[in-house]
Every structure is written in C-alpha cells, then in structure tokens.
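A closer look at the structure
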Amino acid sequence: MRQILSKSEKKMLTLSKIGLMASDLDSTLKRLAEKSRFMTERFKVVTRQRDEAIARIAELEKELHERDRRLESMQTELEYLKVSSVLSPTSESVAATRAIIKGLISDIDRCIADIRD
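Residue numbers restart at each chain and count upward from 1, following the sequence in its written direction. Local features are withheld for residues below a pLDDT of 70 in this predicted model, meaning they are given only at 70 or higher, and side-chain atom pairs are given and counted only at 80 or more; totals for whole chains, interfaces and linings count all residues. In computing side-chain values, all of the structure's heavy atoms are included and hydrogens and water are not.

On to the environment of Pro89, then. Secondary structure counts use DSSP, requiring at least four H or I residues in a row for a helix and at least two E residues in a row for a strand, with both numbered from the N terminus. With respect to the element layout, Pro89 can be found in the loop between α1 (7–87) and α2 (91–116). Here Pro89 falls in the exposed class, since its relative accessible area comes to 59%. For the pair formed by Pro89 and Lys7, sequence separation is 82 residues and the distance between their alpha carbons is 122 Å. Burial classes follow relative accessibility: with a 1.4 Å probe on protein chains only, a residue under 20% of its type's maximum area counts as buried, one over 50% as exposed, and anything between as partly exposed.

Moving on to the environment of Ser88. Note that Ser88 resides in the loop between α1 and α2. A relative accessible area of 37% means that Ser88 is categorised as partly exposed. Sequence separation between Ser88 and Phe43 is 45 residues; the distance between their C-alpha atoms is 66 Å.

Below, the discussion takes up the pattern of salt bridges. What counts as a salt bridge is simple: a side-chain nitrogen of Lys or Arg found within 4 Å of a carboxyl oxygen of Asp or Glu. Within this structure, the stated rule accounts for 10 salt bridges. The salt bridge involving Glu59 is made with Arg56; its shortest N-O contact spans 2.7 Å. Of this pair, Glu59 and Arg56 both sit in helix α1, 3 residues apart, which is roughly one turn of that helix. Salt-bridge contacts for Glu63 lead to Arg67; the nearest nitrogen and oxygen are separated by 3.1 Å. Here the residue Glu63 and the residue Arg67 both occupy positions in helix α1, the gap between them amounting to 4 residues, near one helical turn. Given a relative accessible area of 34%, Glu63 falls into the partly exposed group. Looking at Arg67, the relative accessible area reads 56%, which means it is exposed.

Laid out in structure tokens, this is it:
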C-alpha cells in the first residue's frame with residue numbers, strides 16, 4: 001500500500017533526511033578530526049625517534065672513528081716495539097760483544113807493546 005504524503009509531510013521528511021545527513025556529516029568530521037590528531041601525534045613520535053636514531057648514528061660514527069685512530073696508534077706502537085726488541089741487546093749478545101772487545105783490546109795492547117820495542 002502506497003500512502004500519499006502531503007506537501008508538509010514531504011517537507012518534514014526531507015528536513016528529517018537533511019538533519020540525518022548533517023548529523024552523519026558532523027560525526028564523519030569528528031572522526032576525521034580524531035584520526036588527524038592521532039596521525040599528527042604518531043608523526044611527532046616517529047620524527048622524534050628518527051632524530052634520536054640519527055643522533056645515535058652520529059655518536060657511534062664518532063666512537064668508531066676514535067677507535068680506528070686508537071687502533072692505528074697501537075699498531076704503530078707495536079711496530080716500534082718489534083723493531084726495538086730486535087735492536088735491544090740480549091744478555092748473550094752483550095757477553096759476546098764484551099769478549100770481542102776484550103780480545104781487541106788485548107790485540108791493541110800487544111801492538112802498542114811491539115811498537116815500543
């Protein structure tokens with residue numbers, strides 16, 4: 001059964017539909033505003049985390065550079081120590097050198113004695 005609505009009833013129905021549409025639009029705008037606030041806060045958090053990560057990377061790169069410099073310094077020092085240990089006399093080499101010098105002094109003394117004679 002179809003009812004025939006009067007003009008005023010049609011207007012009331014139309015106004016009612018417009019009211020519902022306005023209500024729906026208002027709730028949609030509220031949801032969008034809430035989502036926008038959420039996304040803005042999330043963006044701030046992600047941006048802060050990114051900035052912290054960049055700062056940490058810079059700190060770690062500085063630490064790495066310092067360790068590389070220290071490693072290079074220690075390797076140079078190790079080379080110097082290797083060379084100095086080769087050049088430093090051992091007790092055996094000192095004793096052998098003293099024996100050679102003692103023999104040379106004896107030879108020199110004999111030569112001097114021969115010259116005087």
